[in-house]
Amino acid sequence: MAKYLLLKHYRGAPEPVNNVMMDQWSQDEITAHIKYMNDFADKLRGTGEFVDERALAQEGTWVRYDGEGRPPVTDGPFAETKDLIAGWMIIDTDTYERALELAGELSAAPGKDGKPIHEWLEIRPLYGNAPTITE
Amino acid sequence: MDGALLRSLTPAVLGILVRRGADFAAAEDAVQDALVEAVRVWPDDPPRDPKGWLVTAAWRKFLDATRAETARRRREDLVDAEPEQGPAHDSDDTLQLYFLCAHPSLTPSSAVALTLRAVGGLTTRQIAQAYLVPEATMAQRISRAKKTVGAVRFDQPGDVGTVLRVLYLVFNEGYSGDVDLAAEAIRLTRLLAAAIDHPEVAGLLALMLLHHARRASRTDGGRLVPLAEQDRGRWDTTLITEGVEVLQAALARDRLGEFQAQAAIAALHADAPVAEETDWVQIVEWYDELLALTDSPVVRLNRAVAVGEADGPRAGLKALAELDDSLPRYSAVSAYLHERDGDRRTAARLYVEAAEKATNLAEREYLTRQAARLNN
């Protein structure tokens, strides 16, 4: 029983197999893709493995502290930022293998010509509680 | 309003419904509904016979829920058949429920959730909060678990071992949010120990009590405090005494098992007034017993620590060298033994490595602090 974050990238992930940008897809292909994603989340709600999912806007801003009494400094967005997160899903599975299996399934979402995108997803374990018994 | 009493009656009431012919899933829902009603009604109108009240209320909820035409016919049959009831069955019913909720066809997370609800009487929301998932997710997990065990006969004998593993998981999850899972695991293990005479059930109960006794000293403002540095004055001596008594009675039966051996190790720690007086030689012997029972790599790792204390860090490192270095906490153990052996540099490097591999924040912080202490 552990939680995993599945990260989807706008940029920064290795190139997918079916690498055609969405603006080149047909309307039906876009519809099929979105349906696949929604069905996937619904399936996980049904199996009791769904925790959370959100999508992020493309443009973000860098912010940092700039000293006592001064407003924070902002900068960006930087077009050259290598890594850009598009969204996430958090799942709660019995095993790591199960989490991998689900990530693989999510990555099979259809793209151009209805073929799987084979998109690279990043899977990151969330920290759990410190166990009571260790010795 | 006695919430604990209410929850302690849950398994017996559920058992009676199932025995009367209600299917498990529907009976479980009906009992939850009855518990909710009890919380509402009892404060103003406390029943003389709480259990009888709950059985009546739950049975009525069950009948209400089976209103369809076919169900009505079945209900008439059930009413005709009527109560095969009575306190004589209580502990058997409770035991059967434990077996059902830990049935091998369930995944660990489903078995845990079902046990907490059907035996523990917790609400779906409480269980969801404890495991940090949405309530809808937990509701689905429980409902699927009920379907999975739907076809299992209630009077089938089960395996105590699977039940113990589920309770151990609940205990080890510790404390997050409103529900104290460690305390709940102890309550459920006590209830199980009352329903079945089994040395390993007693062993697990003793293990939980002995670890729970140290809870107050295990953290300091969220920081992990290792066993050797814990303020032993804060250990709960009542729990320790009880744990040791339960363990001794179990060991006297001469049917050693994993949990009894683990509890024996915890008892030896509890027995030392200061860390320096810990009987590490005996602890190593118990790890050898444990290895004979399980041959688990995690036990070998813990044994290496004990060997390091009993025979010196070199001996500990030698024991460690025989293990796979990809084991969880291998680097942390190695760091600890290297420092004791006087090699602070290697120890610092290994603590950094161990921090990177930690699976929870408290351990990562602890290990990072150890590296920082050695580097500065």
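Since the model is a prediction, treat every value here as computed from it, not as a measurement.

Observations regarding the overall build of chain B
The helix and strand inventory of chain B stands at 20 helices and four strands. Its C-alpha atoms give chain B principal-axis dimensions of about 80 × 45 × 40 Å. Taking as baseline every contact in chain B between residues at least 6 positions apart, the subset at least 24 positions apart corresponds to 61%.

A short note on the packing of helix α17 (residues 313–321) of chain B against helix α18 (residues 330–340) of chain B
All names here are of chain B. One can describe the packing of α17 onto α18 by two numbers: an axis separation of 9 Å at closest approach and a directional angle of 150°. Compared by their axis directions, α17 and α18 come out roughly antiparallel. Two packed elements cross with a definite hand, and for α17 against α18 that hand is left-handed. In this structure, α17 uses P313, G316, L317 and L320 to contact α18, whose residues at the interface are V333, S334, L337 and R340. Of the residues that constitute the contact of α17 with α18, the class distribution is five nonpolar, two polar and one charged.

Here's the deal with the nonpolar core
Residue and element names in this part refer to chain B. Core analysis: the largest hydrophobic core is formed by 117 residues, its most contacted members being L17, A58, L167, A206 and L210. Counting residues per element, this core draws most heavily on helix α11 (residues 199–212), at nine residues. Residues in contact with L167, not counting those within four places in the same chain, are A185, L188, T189 and L204.

Notes on the interface of chain B and chain A
Chain B puts 27 residues into the contact, and the matching count from chain A is 17 residues. Elements supplying a minimum of two residues to the side of chain B that touches chain A: α6 (108–119), α8 (135–148), α9 (160–173) and α20 (361–375) of chain B. At six residues, the largest contribution of residues to the side of chain B that touches chain A is made by α8(B). When grouped by side-chain class, the residues that make up the side of chain B that touches chain A number twelve nonpolar, eleven polar and four charged.

Things to note about the UniProt feature "domain: RNA polymerase sigma factor 70 region 4 type" (unreviewed entry) in chain B
Sequence positions flagged by UniProt for "domain: RNA polymerase sigma factor 70 region 4 type" (unreviewed entry) are, in local numbering, residues 98–148 of chain B. For residues 98–148 of chain B, the helix share is 73%, the strand share is 0%, and the end-to-end C-alpha distance is 15 Å.

Let's talk about the sheet that holds strand β2 (residues 50–55) of chain A
All names here are of chain A. The antiparallel open sheet is built from four strands, whose spatial order is β2-β5-β1-β6. Two strands close off the open sheet at either side, each with one partner strand: β2 and β6 (122–125). Direction aside, the axes of adjacent strands within the sheet are offset by 20° on average. Where strand β1 (residues 2–11) meets β6, four bridges bridge the pair, whose relative direction is antiparallel. What sits directly across from L7, in β6, is E122.

Looking at helix α13 (residues 237–251) of chain B
All names here are of chain B. Compared with an ideal rise of 1.5 Å per residue, which puts 15 residues at 21 Å, α13 spans 21 Å between its outermost C-alpha atoms and is within 8% of the ideal. Along α13, the residues that are buried comprise I240, G243, V246, L247 and A250. An end-on view of α13 places all buried positions within 135° of arc, on one side of the element. Exposed side chains of α13 directed beyond 90 degrees from the buried face belong to T237, T238 and A249. Buried-residue contacts for α13 involve α11 and α14 (258–271).

Cut-offs and rules
Residues numbered from 1 in each chain as written. Chains lettered and ligands numbered in written order. Predicted model: local features only at pLDDT ≥ 70, side-chain atom pairs only at ≥ 80, totals over all residues. Helix = DSSP H or I, 4+ residues; strand = E, 2+ residues; numbered from the N terminus. Contact = placed C-beta atoms within 7 Å. Axes fitted to C-alpha atoms, helices over the stretch in contact; angles between N-to-C directions. Parallel < 35°, antiparallel > 145°, perpendicular 65-115°, else oblique. Left-handed = near helix turned anticlockwise from the far one by under 90°. Nonpolar A, V, L, I, M, F, W, Y, C, P; charged D, E, K, R; others polar. Core = buried A, V, L, I, M, F, W, Y, C linked by C-beta atoms within 7 Å. Buried ≥ 20, exposed ≤ 12 C-beta atoms within 10 Å, placed from the backbone. UniProt positions renumbered as here; feature names shortened; annotations may be inferred. Pairing = 2+ DSSP bridges. Expected span 1.5 Å × (residues − 1). Arc of directions from axis to C-beta.

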